[in-house]
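Next come the chains, spelled out residue by residue.
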Number of protein chains: 2
Amino acid sequence: MNSEMAETASYQNSRFMKAVRREPVDTTPIWIMRQAGRYLPEYMAVRSKTTFIELCKTPALAAEVTLTAQRVLGVDAAILFADLLPILEPMGLNLEYLKGEGPVIHNPIEEASQVDRLTDIADMNCLDFVFEAVKLIRADLPADIPLLGFAGCPFTLASYAIEGGSSKNYRRTKQMMYNDPGAWHALMTRFVDNLVIYLRRQIEAGCQAVQIFDSWAGCLSPEDYQKYVLPYTAKLVAGVQDDAPVINFLTGNPALLPLQRQTGGQVFGVDWRINLKDAWEILGEDVAIQGNLDPISLYADIPVLKEKAKSVLDAAAGRNGHIFNLGHGVMPDMNPDHVKALVEIVHELGSR
Amino acid sequence: MNSEMAETASYQNSRFMKAVRREPVDTTPIWIMRQAGRYLPEYMAVRSKTTFIELCKTPALAAEVTLTAQRVLGVDAAILFADLLPILEPMGLNLEYLKGEGPVIHNPIEEASQVDRLTDIADMNCLDFVFEAVKLIRADLPADIPLLGFAGCPFTLASYAIEGGSSKNYRRTKQMMYNDPGAWHALMTRFVDNLVIYLRRQIEAGCQAVQIFDSWAGCLSPEDYQKYVLPYTAKLVAGVQDDAPVINFLTGNPALLPLQRQTGGQVFGVDWRINLKDAWEILGEDVAIQGNLDPISLYADIPVLKEKAKSVLDAAAGRNGHIFNLGHGVMPDMNPDHVKALVEIVHELGSR
């Protein structure tokens, strides 16, 4: 067995990848969405020297914060430090991160007639900073810790592209869906086609699995999700899942779970709005589930946090295929000691 | 039969009240949450002469905008023009409506130790402007149109009281729930006790039914809802439902429906995140349902709006006990002609 084969075997035998395949594990694996974020002093030390977007675009720094977070938390997977939106730039959108306001797109797709402004990425190498970061992280990550890549789902990216930033009610996005299904189809197809290549390149560079984020799809009725979103997310998953397992994450509406299931993937990421037992009943026992502690639990006192983590583990009831996570990302003003405590609690209580 | 008895008979035989009792109707009744709002030029004409809060506190004006909206839309119920929050003032919170920012509470309950600052309403007559408006509206409303009163649910009011305004993640609210259940219990109990009296007074003044709004409870996990919210909402409903039917409205999380059902009420208001057929299966055939068109559908072109309204009616499948509504309130920049068209569409397509 050469060293590359040995490495692959080691990733595949990790606690995390076993859970992805619904094999027995010694204890429940855990990672935390946005684990390398601003709540961590080690991150802030790096971040203080640069801007957020420069950090994303500097492979050595992105690698450093990714690796540090995995190490200080003791989590079972690392996730590439990156953002959902930089893929929009080479597609023709003018993206800026404004201090205190978050991402802003200066030339959003305001009308159906503007959809053609969104182009395919002529040369995926313009996102080399992402693939370089993956290589650097993989080279330095412990052999039993898998690295996750990720991307936004077509709907979430389309919403950003149309609304120009975050939105309260997704009025423009839905308006385009409803009033110009042709333009909507063109937009979503363009995203899917580019996302498939983007995720495959992340996997090629060294990721063991990828998560797709439909962070905003919860604003949709089941009927709209089925008609305007499901076919595109399904195409995305189909284009990637043979290369590496897909963690299919959606937040904001548990009633979409049966339809989300149809989009495919090996693992389903669910938020805290539903009991994990019910989620498993809906999704079926043949998939793994990631979740689903309410992130606000991290503001609770440790004994309460422990109780709430236990409650999630109890709902999972020791099933194979449970990956512990928050139902959404950790927040900047959270106490890193509570995040570390959560990792320990899950490893302790999840022990078989 | 004296005239008061005749009036009562007439309200009770209205299309809307028949639907509340799940009796057959000639066509599906409809009203629109926030139907007397800023999208309506007739409202803006009144509103331009005063502030929002003065409008709420001036019975003649509140009555005028309530009556006008019912008349110009041709909806099957009127709802008292008022706001969720004025009840907070006599309980000790300093409420202000800031232009463009919405409601702000200048002295929110920031710590569990401050819960005692919230007092019972010594004399409910300080909210006489509400009860006076009810009397004026009832006197002028057509005999076959019921008048709805309303109030916020304890959780939604507690969130406002603690966060001081709207919130993205309800951090402080949940933190108090988690870390000081005693203070939380005291806070929720105070709200319930005062809300029961407040709603009974609205009914006494002339409302035929009341809606309770848990607009923000969708941020909760089923476990948290059950533990920290359900007992209080149940107590509220129990205290009112013998006086008049209760429409129990919650938005943001369809997975809470089975628990919301346990809080009681004759009608359940559901948002667009779930198919109405599924909602009925969860809630049981022995309740009426109000909903559930995605409000953003009103931005769609009329043929699409018609299709989407039909889809809601198809999901209800002519069951007794369907009251058509949006899944949330109508918005200021919506086209009043689309709202009027929706009312006509529902009456036409819902016809038995």
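Residues numbered from 1 in each chain as written. Chains lettered and ligands numbered in written order. Predicted model: local features only at pLDDT ≥ 70, side-chain atom pairs only at ≥ 80, totals over all residues. Heavy atoms only, no water.

1. Considering unusual backbone geometry
Cis geometry marks the peptide bond from A:Gly291 to A:Asn292; its omega dihedral reads -10°. Within the element layout of this structure, A:Asn292 appears in strand β8 (residues 288-293). Phi is positive for B:Arg22, close to 60°, though the residue is something other than glycine. Phi at B:Arg34 takes a positive value of approximately 65°, unusual for a residue other than glycine. Of note, B:Arg34 is situated in the loop between α2 (15-20) and α3 (41-47). Note on B:Arg34: relative accessible area 49%, which makes it partly exposed. (Helix = DSSP H or I, 4+ residues; strand = E, 2+ residues; numbered from the N terminus. Buried < 20%, exposed > 50% of the residue type's maximum accessible area, 1.4 Å probe, protein only.)

2. Section: the relation of the copies chain B and chain A
At an RMSD of 0.0 Å, chain B and chain A line up after a rotation of 180° and a shift of 0.0 Å along the axis. Expressed as a symmetry operation, the mapping of one chain copy onto the other fits a two-fold axis. (Least-squares fit on C-alpha atoms with pLDDT ≥ 70 in both.)

3. Things to note about the interface of chain B and chain A
Between chain B and chain A, the contact holds 34 residues from the first and 34 residues from the second. Together chain B and chain A conceal approximately 2,600 Å² of surface at their shared face, both sides included; 49% is due to carbon and sulfur atoms. Scanning the region where chain B abuts chain A turns up 8 salt bridges. Salt-bridge contacts for A:Lys174 lead to B:Asp294; the nearest nitrogen and oxygen are separated by 2.6 Å. Mapped onto the side of chain B that touches chain A, the elements with two or more residues apiece are α8 (171-179), α10 (222-228) and α14 (302-316) of chain B. A per-element tally of the side of chain B that touches chain A places α8(B) first, with 5 residues. (Contact = heavy atoms within 4.5 Å. Buried area = accessible area lost by both parts, 1.4 Å probe. Salt bridge = Lys/Arg side-chain N within 4 Å of Asp/Glu carboxyl O.)

4. Regarding the packing of helix α5 (residues 59-73) of chain B against helix α6 (residues 128-140) of chain B
All names here are of chain B. Taken N-terminus to C-terminus, the directions of α5 and α6 make an angle of 45°; their axes are 8 Å apart at the nearest point. The angle between the axes of α5 and α6 places the two elements in the oblique class. The two elements α5 and α6 cross, and the hand of that crossing is right-handed. Taking contact as the criterion, the partners of Pro-59, Ala-60, Ala-62, Ala-63, Thr-66 and Leu-67 in α5 are, on α6, Phe-129, Glu-132, Ala-133, Leu-136, Ile-137 and Asp-140. (Axes fitted to C-alpha atoms, helices over the stretch in contact; angles between N-to-C directions. Parallel < 35°, antiparallel > 145°, perpendicular 65-115°, else oblique. Left-handed = near helix turned anticlockwise from the far one by under 90°.)

5. What about the UniProt feature "binding site: substrate" (unreviewed entry) in chain A?
Residue and element names in this part refer to chain A. Using the residue numbers shown here, the UniProt feature "binding site: substrate" (unreviewed entry) corresponds to Arg-34, Gln-35, Ala-36, Gly-37, Arg-38, Asp-83, Tyr-160, Ser-215 and His-328. Taken along the chain, the residues just named run across 295 residues; in space they spread out, the farthest C-alpha pair reaching 22.9 Å. As for its position among the elements, Gln-35 is in the loop between α2 (15-20) and α3 (41-47). Excluding residues that lie within four positions of it along the chain, Gln-35 makes contacts with Leu-40, Ala-69, Leu-73, Val-75, Ala-77, Ala-78, Ile-79 and Val-330. (UniProt positions renumbered as here; feature names shortened; annotations may be inferred.)

6. Observations concerning the sheet that holds strand β8 (residues 288-293) of chain B
All names here are of chain B. Reading across the sheet, the 7 strands line up as β1-β4-β5-β6-β7-β8-β9 and stay open at both edges, with parallel pairing between neighbours. Whereas interior strands pair on both sides, the edge strands pair on one side only; in this sheet they are β1 (78-79) and β9 (322-326). Bridge count for β1 against strand β4 (residues 147-152) is 2 bridges, and the pairing is parallel. What sits directly across from Ala-78, in β4, is Leu-147. (Pairing = 2+ DSSP bridges.)

7. Side note on the environment of A:His185
All names here are of chain A. Within the secondary structure, His-185 is located in helix α9 (residues 181-205). For His-185, a relative accessible area of 43% puts it in the partly exposed group. Residues His-185 and Ala-133 lie 52 residues apart in sequence; the distance between their C-alpha atoms is 32 Å.

8. Some thoughts on the packing of α14(B) against helix α15 (residues 336-349) of chain B
Residues and elements named next belong to chain B. Direction vectors running N to C along α14 and α15 enclose 45°, while the axes themselves pass 10 Å from each other. Classed by the angle they form, the pair α14 and α15 counts as oblique. For the pair α14 and α15, the sense of crossing is right-handed. For the pair formed by α14 and α15, the contact residues are Ile-302, Leu-305, Lys-306, Ala-309, Lys-310 and Leu-313 on the first element and His-338, Ala-341, Leu-342, Ile-345, Val-346, Glu-348 and Leu-349 on the second. The residue makeup of the contact of α14 with α15, split by class, is 9 nonpolar, 1 polar and 3 charged. (Nonpolar A, V, L, I, M, F, W, Y, C, P; charged D, E, K, R; others polar.)

9. Remarks on the UniProt feature "domain: Uroporphyrinogen decarboxylase (URO-D)" (unreviewed entry) in chain A
Residue and element names in this part refer to chain A. The residues that UniProt annotates with the feature "domain: Uroporphyrinogen decarboxylase (URO-D)" (unreviewed entry) are residues 29-38 and 148-164. In the segment residues 29-38, helix accounts for 0% and strand for 0%; the C-alpha atoms at its two ends are 23 Å apart. Between the end C-alpha atoms of residues 148-164 there is a gap of 27 Å, over a span that is 59% helix and 29% strand.

10. Considerations on the nonpolar core
Soluble globular proteins tend to bury their nonpolar side chains together. Formed by 279 residues in total, the largest nonpolar core has its most connected members in A:Leu342 and B:Leu342. In contact with A:Leu342, not counting residues within four places along its chain, are A:Ile30, A:Ile32, A:Leu293, A:Leu298, A:Leu305, A:Ala309, A:Phe324 and A:Leu326. (Core = buried A, V, L, I, M, F, W, Y, C linked by side-chain atoms within 4.5 Å.)

11. What about helix α11 (residues 230-240) of chain B?
Among the residues of α11(B), B:Leu230, B:Tyr232, B:Thr233, B:Leu236, B:Val237, B:Gly239 and B:Val240 are the ones counted as buried. Summarising the contacts, the buried residues of α11(B) are in contact with α7 (154-163), α9 (181-205), β5 (209-214), α10, β6 (246-250) and α12 (257-262) of chain B.

12. Topic: the confidence of the model for chain A
Summary statistics for chain A give a mean pLDDT of 96 and a share of 99% for residues scoring 70 or more. In the model output, the complex is listed with pTM 0.96 alongside ipTM 0.96. (pLDDT = per-residue confidence, 0-100.)

13. Details of the pairing of strand β4 (residues 147-152) of chain A
Residue and element names in this part refer to chain A. With 6 of 6 residues buried, β4 lies mostly within the body of the structure. Because side chains alternate across β4, one face comprises the buried residues Leu-147, Gly-149 and Ala-151, and the other comprises Leu-148, Phe-150 and Gly-152, equally buried. Here 5 bridges tie β4 to strand β5 (residues 209-214), and the two strands are oriented parallel to one another. Bridge assignment links Phe-150 to a residue of β5, and that residue is Gln-211.

14. A word on the packing of aromatic side chains
In the structure shown here, the tally under the stated rule is 20 aromatic pairs over all chains. Ring geometry for A:Phe213 against A:Phe249: centres 5.6 Å apart, planes inclined by 75°, an arrangement best described as edge-to-face. A residue pair is termed long-range when its members are at least 10 positions apart, and A:Phe213 in strand β5 and A:Phe249 in strand β6 (residues 246-250) qualify at 36 residues. Judged on exposure class, the residue A:Phe213 and its partner A:Phe249 are both buried. Taken together through their ring pairs, the aromatic side chains of A:Tyr43, A:Phe52, A:Phe81 and A:Tyr97 make up a single cluster. Positioned above the aromatic ring of B:Tyr299 is the side chain of A:Arg171, whose terminal nitrogen or guanidinium carbon lies 4.7 Å from the ring centre. (Phe/Tyr/Trp six-rings, centres within 6.5 Å; stacked < 30°, edge-to-face > 60°. Lys NZ or Arg CZ within 6 Å of the ring centre and 35° of its normal.)

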